[in-house]
Amino acid sequence: MNKVILKKGRDWSVRKHHPWIFSGAVESGAAGQGETVEVVSAEGETLGYGWFSPASQIRVRMVSFDATRVPDEKFVTDLVASSVGRRADFFVDCSTNGVRLVNAESDGLPGLVADLYNGHVVCQFTSAGAEAWKATVAKALMTYVPGCQSVSERADIDVRKKEGLPYAEELVVLEGVEPPALIEIVEGPIRYYVDPRKGHKTGFYLDQRDARAAVGTLAAARDVLNCFCYTGGFGLYAATCGAAHVTQVDISHEAIELAKKNAALTATNPDQTVKNFSTQTVFEHVEADVFKYLRQCRDEGKTFDLIVLDPPKFAESKAQVMKAARGYKDINLLAMKLLRPGGILATFSCSGAMTTELFDKVLAEAAADAHKDFQMIARTRQGADHPVALAFPEGLYLKGVILRSMS
Ligand code: SAH
């Protein structure tokens, strides 16, 4: 096995179990794409083993911090099995069958994401090492996920290019049957169709599950504007909790079409907790650019009781943070102005580079410019199936704030 020797004094983050070794920390040593390497300190001590990525600035991703445990096929299979095992609560609880099974670095499997949609697993492999172990990972998921019918891969993700991995549009089945065109999943009182081939990421935003439920509890009898709605999640939750009117806005035609289907599907859910769902809530679906739509509402004098802002990632890296902050301020300021007295703003950032502190600051500036006072009534974050390893704070990317207007 090839060795990677670290520069003097650059071993401390590995000793704290941070999984990334940047190229600048490497004194010597190389290997092929995705090969397992032994990581050695400048003093000659073996610190563990990692996956080598020749094309990436993150040159090695650690998978074993134990000098005596070389990550072979059994080791990788066990990592997958334990990650699935940590989701046992979800399988026992059964209130959802859409669950993230492996959350990359934070589950000890760098660059591997695996999401379960009602018996069908969809993966993304974004590190050379995860790619190299694809067959082992797929077999392990098929074996250890209860009721697993298929394991597929989506390779249409830009970060694969940075890693020197091929980009492919089509979903590829790695194990089991061909998944259906639309997979029906349950999330509490909601039912959704998930498109595993063309849907965003692996098909759906499982990470906002808790935030959707939190927003739902505030929605009774309210006029709700759900911006960047994708396939409708926040709006559907609001409706099951008795919202009077829900306006769903997204720029994507496909997303809006699926949001309409999901509204119809959820309305027929026999487990509905709120009675008369279909007659209570009036849905409106709008295919539009939110930046323009909010301005149009302002110009037309429209107002709302509850606004959700869940935009896509505005900052891909630290260099883009200031530009992203301007984008966040713009939409939050506009939304704050559209809120009726006592109204609620549920606002999110999924940009990892945008810190909680900076996001709070942007919101405070927006409120000041809107000449309104707000109270923070809750914070949200990615759900428990998207854990953040303590040694890997970079894993926290999704932050949410729920604000109430005091005027
Ligand atoms: N809230 C959703 C997830 C939102 S993801 C949920 O709970 O599932 C972000 C969404 O923003 C995507 O659906 C994308 O199509 C949409 N989007 C991106 N830019 C947009 C814009 N300028 N205006 C409206 N929608 C936009």
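The model shown is predicted, which means the values in this text are computed figures rather than measured ones. (Residues numbered from 1 in each chain as written. Predicted model: local features only at pLDDT ≥ 70, side-chain atom pairs only at ≥ 80, totals over all residues. Heavy atoms only, no water.)

### Overview of the domain arrangement of the protein
Under the domain assignment used here, the protein contains domain 1 (3–64), domain 2 (73–179) and domain 3 (188–405). Computed from C-alpha coordinates alone, the two centres of domain 1 and domain 3 are separated by 40 Å. (Domains from an automatic or database assignment.)

### Thoughts on helix H2 (residues 73–85)
End to end, H2 covers 18 Å across 13 residues, agreeing with the expected 18 Å (1.5 Å per residue, within 8%). All of the buried residues in H2 are Phe75, Val76, Thr77, Leu79, Val80, Ala81, Ser83 and Val84. The inward-facing, buried residues of H2 abut strand S5 (46–52), strand S6 (58–64), helix H3 (88–93), strand S7 (98–103) and helix H5 (134–144). (Helix = DSSP H or I, 4+ residues; strand = E, 2+ residues; numbered from the N terminus. Expected span 1.5 Å × (residues − 1). Buried < 20%, exposed > 50% of the residue type's maximum accessible area, 1.4 Å probe, protein only. Contact = heavy atoms within 4.5 Å.)

### Quick word on the site of the ligand
Neighbouring residues of the ligand: 16 residues in total, closest Arg212, Asp250, Asp289, Val290 and Asp310. For the ligand, a nitrogen atom lies 2.9 Å from a polar atom in the backbone of Val290. Here the ligand, which alone exposes 580 Å², has 91% of that area covered by the protein. (Near = heavy atom within 4 Å. Polar contact = N/O pair within 3.5 Å; in protein donor to acceptor, adjacent residues only side chain to side chain. Areas by Shrake-Rupley, 256 points an atom, 1.4 Å probe, with all protein chains shown as cover.)

### A closer look at the sheet that holds strand S17 (residues 304–309)
Read from one edge to the other, the open sheet built from seven strands follows the order S16-S15-S14-S17-S18-S20-S19, with strand pairing classed as mixed. The open sheet is flanked by strand S16 (282–287) and strand S19 (374–381), the only strands paired with a single partner. Across this sheet, the average inter-strand angle for adjacent strands is 15 degrees, counted without regard to direction. As judged from the six bridges shared by strand S15 (residues 245–250) and S16, these two strands associate in the parallel manner. Each bridged residue has a counterpart across the sheet, and for Gln248 the counterpart in S16 is His285. The strands that helix H9 (residues 253–267) touches are S15 and S16; relative to S16, the one it contacts most, it runs at about 170 degrees. Against the sheet, helix H12 (residues 321–338) contacts S17, strand S18 (339–349), S19 and strand S20 (399–405), and its axis sits at roughly 160 degrees relative to S18. (Pairing = 2+ DSSP bridges. Axes fitted to C-alpha atoms, helices over the stretch in contact; angles between N-to-C directions.)

### What about the pattern of salt bridges?
Opposite charge on two side chains allows them to pair when their charged atoms are near. Across all of its chains, the model carries 29 salt bridges by this definition. Here Asp78 ties to Lys74 by a salt bridge, and the two come within 2.7 Å at their closest N and O atoms. Taken together, the positions of Asp78 and Lys74, both in helix H2 and four residues apart, correspond to about one turn of that helix. When its relative accessible area of 27% is taken as the criterion, Asp78 is described as partly exposed. Looking at Lys74, the relative accessible area reads 56%, which means it is exposed. Between Lys161 and Asp158 there is a salt bridge, and its shortest N-O distance comes to 3.3 Å. Classification of Asp158 as exposed rests on a relative accessible area of 53%. (Salt bridge = Lys/Arg side-chain N within 4 Å of Asp/Glu carboxyl O.)

### Structural notes on the nonpolar core
Counting residues in hydrophobic clusters, the biggest one holds 38 residues, and the most contacted among them are Leu225, Cys227, Leu294, Ile307, Leu309, Met336 and Leu345. When residues of this core are traced back to their parent elements, those giving at least two are strand S14 (223–227), helix H11 (290–300), S17, H12, S18, helix H13 (356–370) and S20. When near neighbours in sequence (up to four residues on either side) are disregarded, Leu345 contacts Ile307, Leu309, Asn332, Ala335, Met336, Leu339, Val401, Ile402 and Leu403. (Core = buried A, V, L, I, M, F, W, Y, C linked by side-chain atoms within 4.5 Å.)

### Examining the sheet that holds S5
Taken together, the six strands give an open sheet; going across it, the order is S2-S6-S5-S4-S1-S3, and neighbouring strands pair in mixed fashion. Of all the strands in the sheet, the pair left with one neighbour each is strand S2 (20–22) and strand S3 (26–28). Averaged over all neighbouring strand pairs, the angle between strand axes comes to 40 degrees, with direction disregarded.

### Here we look at the packing of aromatic side chains
Tallied over the entire structure, the rule returns eight aromatic pairs. When the centroid spacing of 4.5 Å and the interplanar angle of 50 degrees are considered together, the rings of Tyr192 and Phe204 count as tilted. Separated by twelve residues along the polypeptide, Tyr192 in strand S13 (residues 190–194) and Phe204 in the loop between S13 and helix H7 (209–216) bring together distant segments of the chain. Assessed through its relative accessible area of 0%, Tyr192 is described here as buried. Taking the relative accessible area as the measure of exposure, Phe204 reaches 3% and is therefore buried. On the basis of an interplanar angle of 90 degrees and a centroid distance of 5.0 Å, the ring pair of Tyr205 and Tyr230 is categorised as edge-to-face. Separated by 25 residues along the polypeptide, Tyr205 in the loop between S13 and H7 and Tyr230 in the loop between S14 and helix H8 (233–240) bring together distant segments of the chain. Residue placement shows Lys134 over the ring face of Phe125; its charged tip is 5.3 Å from the ring centre. When the ring centre of Tyr167 is taken as origin, the NZ or CZ atom of Lys161, which lies over that ring, is 4.5 Å away. (Phe/Tyr/Trp six-rings, centres within 6.5 Å; stacked < 30°, edge-to-face > 60°. Lys NZ or Arg CZ within 6 Å of the ring centre and 35° of its normal.)

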